[in-house]
Amino acid sequence: MIVSDALAIILYVLLSILVVVLIVFVIRLFKTIKKVEKVVDDVNSKSEKLNGVFNIIDSTTDTLSVITDKFTNLAVKALSALFMKKKGKEENDDE
């Protein structure tokens, strides 16, 4: 009986220590989660501020692309017209 009582007491003491350790662990975990939430909120707010800059860059890039396309089309049309005139002159010279 004494051995079984002693084992029960030892088991309860160890169980109590385990519960205390788990409580401390959970409290530290909550503190860490709060810190992580602050960091995530900070990163989100900074990324939202940068969204405006990226939108400006995107708009500028789109505008430059349209302008470049127009100049390219104009140059191609001019060169095509120039070569068509030369072909027309060569055909007239052959006749």
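Residues numbered from 1 in each chain as written. Predicted model: local features only at pLDDT ≥ 70, side-chain atom pairs only at ≥ 80, totals over all residues. Heavy atoms only, no water.

**Q** Hey, could you run me through the overall build of the protein in this one?
**A** Within the protein, the regular secondary structure consists of one helix and zero strands. Relative to its full complement of 95 residues, the protein shows a buried share of 0%. Total accessible area on the protein stands at roughly 9,100 Å², and carbon and sulfur atoms take up 70% of it. (Helix = DSSP H or I, 4+ residues; strand = E, 2+ residues; numbered from the N terminus. Buried < 20%, exposed > 50% of the residue type's maximum accessible area, 1.4 Å probe, protein only. Areas by Shrake-Rupley, 256 points an atom, 1.4 Å probe, with all protein chains shown as cover.)

**Q** How should I be thinking about the pattern of salt bridges in this particular structure?
**A** For side chains bearing opposite charge, pairing can occur when the charged atoms are close. For the structure shown, the criterion picks out one salt bridge. When the shortest N-O distance is used, the salt bridge between K46 and D42 registers 3.5 Å. Within this pair, K46 and its partner D42 are both found in helix α1 (residues 2-94), separated by four residues, close to a single helical turn. (Salt bridge = Lys/Arg side-chain N within 4 Å of Asp/Glu carboxyl O.)

**Q** Could you clarify how one ought to interpret a nonpolar patch on the surface in this entry?
**A** Where nonpolar side chains cluster on the molecular surface, the patch consists of V3, L7, I9, I10, V13, L14, I17 and V21 and spans about 770 Å² of accessible area. Structurally, the position occupied by V13 is in helix α1. The exposure class assigned to V13 is partly exposed, which follows from its relative accessible area of 44%. (Patch = residues over 30% accessible without salt bridge, like charges linked within 9 Å, V, L, I, M, F, W, Y side chains within 5 Å.)

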